[in-house]
Amino acid sequence: MSEATKLQLKQKDFLQLDDFSSEEIKYMLETALEMKTQQKQGIPHPHLSGKVLGMIFEKSSTRTRVSFEVGMLQLGGHALFLSSRDIQIGRGESLSDTAKVLSRYVDGIMIRTFSHDSVEELAKHATVPVINGLTDLQHPTQVMADLLTIIEHKGKLAGLKMCYIGDGNNNMAHSLMEGAVKAGMDISIASPAGYLPNGKITERAIEAGKQTGASVMITNDSVKAIKDADVVVTDVWTSMGQEEESAKRLNDFAGYQVNEELCAHAKEDYIFLHCLPAHRGEEVTAEVIDGPHSVVFDEAENRLHAQKAILKLLLAK
Ligand code: CP
Ligand code: NVA
């Protein structure tokens, strides 16, 4: 990794994986692996001593909140949990004013919100890096943890086949598509009609895949999508903010459960990923998520390590 690439990451926003080159993503993952090893060996790495991350949450979170907060502490810094219920955003203060004010206090802002435009707006007005902690459209920090987990279990990314079954039009499907192709992994997505991935993001992924030799397949056929997959992924059928549609979604996704019968079409040594929280008996059976192919808790742990690398590369001097 050249000095120039490192400099490009410094003070950059982390809004979606498509904003980063394959080389930058690889560098962030290598940094995460190094820092994870240091952490396991008890070697301190206070790269963000005295720095503060403001974390705005407009939706619930277990993993994102805890991993960012613990990550900042392990880096020698501090994180502020700012629930939109308690700060003035919840009473209508604009994102632009919030961005300008917070930038006077903190060294970085992480936000979990609904509209992706809100994150873009915040980033436009903030003078410190903004990190996307999930929007309706993208969940890029989760996918960095997913890529790290795949490297640990498969020893590589390029040349593998990832398959995602379920809601193709959600944050996980979109970020997985971007992350997979940038890493040189083929991705196949199986979703019912009406739940196909966002067209623009799909086009961008197909374009990005041309640079790395990775392909994108979108289909309604789960068996076709999962055939010979190295990595099988799913996500909830009803994402945060869609609760009113949950009965309809249960019905629409009925044939798209990840179960042992479906996984019999994947490679024998496939691994199963799910960002969590999961609904056993809906998008995945207990046999699969609690079975020998599942690495979901390694994946959850890797939120911490992947994000620490991102925080270090964006915020450290
Ligand atoms: N996977 C994930 O983002 O989990 P939380 O919603 O608990 O943060
Ligand atoms: N697609 C899910 C991911 C949760 C981490 C949601 O947005 O609710």
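The text that follows walks through the structure, step by step, so that each part is easy to find. Here the structure is a predicted model, which means the values were calculated and not measured. (Residues numbered from 1 in each chain as written. Chains lettered and ligands numbered in written order. Predicted model: local features only at pLDDT ≥ 70, side-chain atom pairs only at ≥ 80, totals over all residues. Heavy atoms only, no water.)

## Considerations on the pattern of salt bridges
At step 1: This structure, assessed with the given rule, holds 17 salt bridges.
At step 2: Notably, a salt bridge pairs aspartate 18 with lysine 182, separated by 3.9 Å at the nearest N-O pair. Of this pair, aspartate 18 sits in the loop between helix 1 (3-9) and helix 2 (22-40) while lysine 182 sits in helix 7 (residues 171-182), placing them 164 residues apart in sequence.
At step 3: Overall, lysine 182 belongs to the buried group, its relative accessible area being 13%.
At step 4: Taking the shortest distance from any N to any O, the salt bridge between arginine 249 and aspartate 167 comes out at 3.0 Å. Taken together, the residues span a long stretch of sequence, with arginine 249 in helix 10 (residues 246-252) and aspartate 167 in the loop between strand 5 (161-165) and helix 7 at a distance of 82 residues. Comparing arginine 249 with aspartate 167 shows no difference in burial state: the two are buried. (Salt bridge = Lys/Arg side-chain N within 4 Å of Asp/Glu carboxyl O. Helix = DSSP H or I, 4+ residues; strand = E, 2+ residues; numbered from the N terminus. Buried < 20%, exposed > 50% of the residue type's maximum accessible area, 1.4 Å probe, protein only.)

## What to know about the site of ligand 1
At step 1: Taken together, the residues surrounding ligand 1 are Ser61, Thr62, Arg63, Thr64, Arg112, His139, Gln142, Cys275, Leu276 and Arg303.
At step 2: A distance of 2.6 Å separates an oxygen atom of ligand 1 from a polar atom in the side chain of serine 61.
At step 3: The backbone of threonine 62 places a nitrogen or oxygen atom 2.7 Å from an oxygen atom of ligand 1.
At step 4: Computed on the free molecule, ligand 1 has an accessible area of 250 Å², of which 96% lies beneath the protein chains in the complex. (Near = heavy atom within 4 Å. Polar contact = N/O pair within 3.5 Å; in protein donor to acceptor, adjacent residues only side chain to side chain. Areas by Shrake-Rupley, 256 points an atom, 1.4 Å probe, with all protein chains shown as cover.)

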